[in-house]
Amino acid sequence: MKKGIDHHQIGESVDQYLLIKNAKKGIASNGKPFLTLHVSDKSGEIEAKMWGVTPEDETKYSSGTIVHIQGDVQDFRGMRQLRLKTIRPAGGLEQSRTEDFLPSAPLGREEMLEKVNQYLFEMSNAKLQRITRHLFKKHQQDFSVSPAATKNHHEFVSGLLYHVLSMLELSRSISDLYPTLDKDLLYAGVILHDMAKVRELSGPMATQYTLEGKLIGHISMMSSEVDEAAKELGIEGEEVLVLQHLILSHHSKGEWGSPKPPMVREAEILHMIDNIDAKMNMMDRALERAAPGEFTERIFAMDQRSFYKPTFTI
């Protein structure tokens, strides 16, 4: 059984079928066009450069194409990059589904949906529960398959749902430790804080920001949806306002895209657990590729830091 692309180390050869998850055209310093390909299998993805491409190549090697690649993994500025030797469309794999080559959450979609619904069932504040359930049901289909980002963390099929479920489990433990927290408010904030990413992002294949995502963004979109849902359900009260505040402040700082800083306890905790889960996901996946006693590749979203994998850890 071939090793997944995400587990190949620097210097190792690659000879396998992969999916072009994303293809972007660029112009080199010599004026010639090239393609930046992000190719993937179930284990993850890696970047490759295809130089001196023709218009025919741009069509042949577009997003969603399954290809056979031979090459080797090299170090490029502290990051893994796949150096192509040969690449060709996988003509004999017409029956293959692109989903078979896309990284996905480690838990099944239906299992995760059931668990989120259990958290909804546990909420005792009727106003918060009704708004959250209404919006969860509205977006459930797209929410269950969407990635949480275009890159950096949980950028895989069902990544958004997995991210939210992980945050809910953190919320339960933290609320048990600090009972002064309003568990219902925190659960509602967790479930809804990133839900508008189903509108902000284009989906798991060739994920990019939509026009709506670029011009408005998921934070403002979701705050508006909470307001609209409350009016549609005939719900009034401070819960609506504070829930909107959790969504608007979950990035914490203006330079991180947050319209407001956290000004209630649950908003501060929401930001913290969001940050914890995102960074743990990034570190875990980078460390999984590193051998004991070595450093990971640089993690862009964590100040370009590399992390050491001790020899005595699991």
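Labelled according to an unreviewed UniProt entry, the chain appears under the name 3'-5' exoribonuclease YhaM, originating from Alkalicoccus saliphilus.

The contact between helix α5 (residues 183-192) and helix α10 (residues 265-289) brings their axes to 10 Å, and the two run at 45°. What the angle tells us is that α5 and α10 run oblique. Crossing of α5 over α10 shows right-handed handedness. Residue-level contacts link L185, L186, G189 and V190 of α5 to E266, I269, L270 and I273 of α10. Its residues assigned to classes, the contact of α5 with α10 comprises six nonpolar, one polar and one charged.

Scanning the model with the defined rule gives four aromatic pairs in all. The interplanar angle of 40° and the centroid separation of 5.0 Å between the aromatic rings of F34 and W51 together place this pair among those described as tilted. Taken together, the residues span a long stretch of sequence, with F34 in strand β2 (residues 33-41) and W51 in strand β3 (residues 44-51) at a distance of 17 residues. You can call F34 buried: its relative accessible area is 13%. Aromatic side chains F295 and Y308 sit 5.2 Å apart centroid to centroid with 50° between the ring planes, which places their arrangement in the tilted category.

The next thing to look at is the nonpolar core. Membership of the largest hydrophobic core comes to 47 residues, with the highest contact counts inside it found for I131, I191 and L192. Elements with a contribution of two residues or more to this core: α2 (109-122), α3 (126-143), α4 (159-177), α5, α8 (218-233), α9 (238-249) and α10. With residues up to four places along the chain from it excluded, the contact list for L192 reads T132, L135, M222, V226, L243 and I247. Counting 18 residues, the second largest nonpolar core, distinct from the first, contains V14, I20, I69 and L82.

Let us look at the domain arrangement of the chain. Here the chain is described as being made up of domain 1 (5-100) and domain 2 (104-283). Taken over C-alpha atoms, the centre of domain 1 sits 33 Å from the centre of domain 2. Every contact between the two is made by eight residues of domain 1 and, on the other side, six residues of domain 2. Each partner contributes to the roughly 470 Å² buried at the junction of domain 1 and domain 2, and carbon and sulfur atoms together form 51% of this total. The largest share of the area that domain 1 buries against domain 2 comes from K21, N22 and K42, three residues that together contribute 70% of it. Joining domain 1 to domain 2, the criterion identifies zero salt bridges. Taken together, domain 1 and domain 2 are joined by two residue pairs in polar contact (both at pLDDT 80 or more). Counted by class, the side of domain 1 that touches domain 2 contains two nonpolar, four polar and two charged residues.

Basis of the calculations
Residues numbered from 1 in each chain as written. Predicted model: local features only at pLDDT ≥ 70, side-chain atom pairs only at ≥ 80, totals over all residues. Heavy atoms only, no water. Axes fitted to C-alpha atoms, helices over the stretch in contact; angles between N-to-C directions. Helix = DSSP H or I, 4+ residues; strand = E, 2+ residues; numbered from the N terminus. Parallel < 35°, antiparallel > 145°, perpendicular 65-115°, else oblique. Left-handed = near helix turned anticlockwise from the far one by under 90°. Contact = heavy atoms within 4.5 Å. Nonpolar A, V, L, I, M, F, W, Y, C, P; charged D, E, K, R; others polar. Phe/Tyr/Trp six-rings, centres within 6.5 Å; stacked < 30°, edge-to-face > 60°. Buried < 20%, exposed > 50% of the residue type's maximum accessible area, 1.4 Å probe, protein only. Core = buried A, V, L, I, M, F, W, Y, C linked by side-chain atoms within 4.5 Å. Domains from an automatic or database assignment. Buried area = accessible area lost by both parts, 1.4 Å probe. Salt bridge = Lys/Arg side-chain N within 4 Å of Asp/Glu carboxyl O. Polar contact = N/O pair within 3.5 Å; in protein donor to acceptor, adjacent residues only side chain to side chain.

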